Amino acid sequence: MMKSLKTYNLDLDVIEILARQANKSQYVCRAVRRLCSNMDEVTPADFPTRQLLASLHARNDISSQMKAVILAELV
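What counts and how
- Residues numbered from 1 in each chain as written.
- Predicted model: local features only at pLDDT ≥ 70, side-chain atom pairs only at ≥ 80, totals over all residues.
- Heavy atoms only, no water.
- Helix = DSSP H or I, 4+ residues; strand = E, 2+ residues; numbered from the N terminus.
- Areas by Shrake-Rupley, 256 points an atom, 1.4 Å probe, with all protein chains shown as cover.
- Patch = residues over 30% accessible without salt bridge, like charges linked within 9 Å, V, L, I, M, F, W, Y side chains within 5 Å.
- Salt bridge = Lys/Arg side-chain N within 4 Å of Asp/Glu carboxyl O.
- Buried < 20%, exposed > 50% of the residue type's maximum accessible area, 1.4 Å probe, protein only.
- 1 Å grid on protein atoms, 1.4 Å probe; cavity = no way out; pocket = protein on both sides within 12 Å on 5 of 7 lines; lining within 4 Å.
- Points joined across faces, edges and corners; volume = space filled by probe spheres on them.
- Axes fitted to C-alpha atoms, helices over the stretch in contact; angles between N-to-C directions.
- Left-handed = near helix turned anticlockwise from the far one by under 90°.
- Contact = heavy atoms within 4.5 Å.
- Nonpolar A, V, L, I, M, F, W, Y, C, P; charged D, E, K, R; others polar.

Brief notes about the overall build of the protein chain
Part 1: Along its length, the protein chain carries four helices and zero strands.
Part 2: Moving toward the C terminus, one meets the helices and strands of the protein chain in the order α-α-α-α.
Part 3: By principal-axis analysis of the C-alpha atoms, the protein chain measures approximately 55 × 25 × 20 Å.
Part 4: As displayed, the protein chain has an accessible area near 7100 Å², and 59% of this comes from carbon and sulfur atoms.

Regarding a nonpolar patch on the surface
Part 1: Taken together, Y8, L10, L12 and I15 make up a surface patch of nonpolar side chains, about 460 Å² in accessible area.
Part 2: Here L10 shows up in the segment before α1 (12–19).
Part 3: The exposure class of L10 is partly exposed, given its relative accessible area of 43%.

Things to note about the layout of surface pockets
Part 1: Of the pockets and cavities examined, the largest pocket occupies roughly 700 Å³.
Part 2: In terms of lining, the largest pocket is formed by 20 residues, of which the most central are K6, Y8, K24, S25 and V28.
Part 3: Within the residue set of the lining of the largest pocket, elements represented by two or more residues are α1 and α2 (24–37).

With respect to the packing of helix α3 (residues 49–58) against helix α4 (residues 64–74)
When two helices pack together, their arrangement is given by the angle between the helix axes and by the axis-to-axis distance.
Part 1: For the pair α3 and α4, interaxial distance at closest approach is 9 Å and the crossing angle is 145°. Judged by the twist between their axes, the crossing of α3 over α4 is left-handed. Across from R50, L53, A54, L56 and H57 in α3, the residues of α4 making contact are K67, I70, L71, E73 and L74.
Part 2: Considered class by class, the residues forming the contact of α3 with α4 number six nonpolar, one polar and three charged.

What to know about the pattern of salt bridges
Part 1: Taken as a whole, this structure holds one salt bridge when the rule is applied.
Part 2: Residues D61 and R59 are paired through a salt bridge, measuring 2.7 Å at the closest nitrogen-oxygen approach.
Part 3: Overall, D61 belongs to the exposed group, its relative accessible area being 54%.

Below, the structure is given as structure tokens:
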């Protein structure tokens, strides 16, 4: 596949992640392709933890014990 050299500004935490990768270019290419192919998919990882917990707490199909644990975490 044809390659082209580009320069981008990255957040420091991303730079730290890339520093641990042997082939940084390949890692970024795979990550961008994976992100673009899944753009329309929504996963639980897309939401903040507290929002997920509040949604679970509002459901009727979980036990009262689980609701109590979730409520304790939310307070």
